[in-house]
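# Residue-level structure breakdown
Below, each chain spelled out in residue letters.
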Amino acid sequence: MNKFIPIAVPLLNGNEKQYVNECLDSTWISSKGKFIDLFENEFASFCDTKYGLSCSNGTVALHLPLIAYNLQAEDEVIVPTLTYIATANAVKYCGATPVFVDCEEDTWNMDPLKIEEKITEKTKGIIVVHLYGNPVDMDPIMEIAKKYNLFVIEDAAEAHGAIYKGRKVGSIGHVGVFSLFGNKIITTGEGGMVVTNDKQLADKMRLLKGQGMDPERRYWFSVIGYNYRMTNIQAAIGLAQIENIDNHIQNRKRVSEWYKKFIKEMDLNINIQTDCKDSTNVFWMFSVLLKENSRVTRDELMGKLLEDGIETRPVFYPLHQMPPYFEDTMAYKNSDKIAQSGLNLPSHGLLTEEDVEYICSCIKKYI
C-alpha cells in the first residue's frame, strides 16, 4: 500500500503545548481558569460578535440557543435535510419537530426558495448550515425570518472564518454555533462555541450551560440547567488555535486551489460543490460529485481510493433518509442525488501539492 493520506488531521503548531502545560502547572484543569475567558473573547472578536460562550461540543452549542428560545414540544424549526444529524437532534432534544428543506443543486446548501412553503403557525425558527465551509445565501433567509418573526441560528460547525457579503458567518443570524471537534478547521479536541450580539440571550445561555447556578449567589440554582461547560485545558488549546486561525484557513484554501487545478488539468469526470455568490468558502472539506456517466459508483470509488492509501468519506446522508426522521418522499431530489454520488476528499492543512496531485491521479484512474 502507498503512504496513507487521512481525510483530516489537526494542525497543532502554535502555543498549544505551552498553554496546556500552564494549565497543568497551575492545576486549573476543569471548567474554571483564565483560558476560558480568553478563548471566548478571542473567538467572539474573530467572528465580529460581542459575546462568545464556550461549551463541551458542537451539538451542545446547537442545543443551548434552542433552550434559551424556550422551544417547546408543539414547535417546529426549519432545517436542511442535507446536514449532519446533530442539526435535527438538537431540535428533538427540546421535544420540537425539525421540518426539512431540500438543498440547492449547486451549492448543496438549504434552498431559500423552498423555505416559505414549509412555514406554519408552529414555526419558531430556522437553522441554516454552512455545509462543508460554504456559506448559505443568508439575505433572503433573514428577510423571511423578519417577515414571520423567526429566530435564525447559523450552524457554522464547519465554517470557521467563512464570509458572506463581507460578514463572518455566525454574525449574520441571531446566533452562530461552531464545532471544535478534532477534524474541524480549528479544534479543542472536543468542544463548541456559541456567538451572538444579543446580551440577554447570551446571559441566559451562560446561566443554562453552568447548571443554572446564579452568577451572584454561589450554589443557588434558579433554573434547571445543564453541565455544558468547556474545560480550561480545552480552552487553552482553542486559544492557541485561534491565534493561528488565518493560517489554518489559508491552508484549506491552498489545498482547494490545488484540487481545482488538477481536476481541470486531468479533465476529471466530477463536479465541485459551487461557492455561494459573493462569499468566501473556507473548504473544511473539499467535496465533489461523480457525474452520472462515471464508470464506478461513489462507494466503489471510495473503496478503490482506500486501497491506494487515500481516506475519503461520503457526503452526509439526508436526514429524511434516517430511521429517526424517515420520510417516504421524492421531495428532496437534490439532497438525494448529492448524497448518492458525493464524497469528501482529504482537506487538511498538512497536505502537499504532491499529495493532491496523487489523489486526483488515482481518481482519474478509476472514473
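This text goes with the structure placed above it.
In this report, the structure presented in the accompanying data block is examined. This is a predicted model, so every value here is computed, not measured.

### Examining the layout of surface pockets
- In this structure, the largest pocket encloses a volume near 720 Å³.
- What lines the largest pocket is a set of 21 residues, among which Ser31, Lys32, Gly210, Met213 and Arg229 lie closest to the centre.
- Of the residues contributing to the lining of the largest pocket, the split by class is 7 nonpolar, 5 polar and 9 charged.
- One number sums up the size of the second largest pocket: a volume of about 420 Å³.
- Considering the residues around the second largest pocket, the lining is formed by 22 residues, among which Thr59, Tyr84, Ser179, Phe181 and Lys184 are closest to the centre.
- The residue makeup of the lining of the second largest pocket, split by class, is 10 nonpolar, 7 polar and 5 charged.

### Things to note about empty space enclosed by the protein
- This structure, assessed with the given rule, holds 2 cavities of 30 Å³ or more.
- Within this model, the largest cavity holds a volume of roughly 80 Å³.
- Residue lining of the largest cavity: Val9, Pro10, Leu11, Lys184, Ile185, Gln241, His248, Asn251, Arg252 and Gly349, and that is the complete set.
- Per-element accounting of the lining of the largest cavity gives the leading share, 3 residues, to helix H8 (residues 245–265).
- Each residue belonging to the lining of the largest cavity can be placed in one class, and the counts come to 4 nonpolar, 4 polar and 2 charged.
- One number sums up the size of the second largest cavity: a volume of about 30 Å³.

### A few points about the packing of helix H3 (residues 58–68) against helix H4 (residues 86–93)
- Two elements in contact, H3 and H4, have axes separated by 9 Å at closest approach and are oriented at 40 degrees. One finds that H3 runs oblique with respect to H4. The interaxial crossing formed by H3 with H4 has right-handed handedness. Counting all contacts with H3, which are made through Thr59, Leu62, His63 and Leu66, the residues of H4 involved are Ala86, Thr87, Ala90, Val91 and Tyr93.
- Classifying every residue of the contact of H3 with H4 by side-chain character gives 6 nonpolar, 3 polar and no charged.

About the cut-offs
- Residues numbered from 1 in each chain as written.
- Predicted model: local features only at pLDDT ≥ 70, side-chain atom pairs only at ≥ 80, totals over all residues.
- Heavy atoms only, no water.
- 1 Å grid on protein atoms, 1.4 Å probe; cavity = no way out; pocket = protein on both sides within 12 Å on 5 of 7 lines; lining within 4 Å.
- Points joined across faces, edges and corners; volume = space filled by probe spheres on them.
- Nonpolar A, V, L, I, M, F, W, Y, C, P; charged D, E, K, R; others polar.
- Helix = DSSP H or I, 4+ residues; strand = E, 2+ residues; numbered from the N terminus.
- Axes fitted to C-alpha atoms, helices over the stretch in contact; angles between N-to-C directions.
- Parallel < 35°, antiparallel > 145°, perpendicular 65-115°, else oblique.
- Left-handed = near helix turned anticlockwise from the far one by under 90°.
- Contact = heavy atoms within 4.5 Å.

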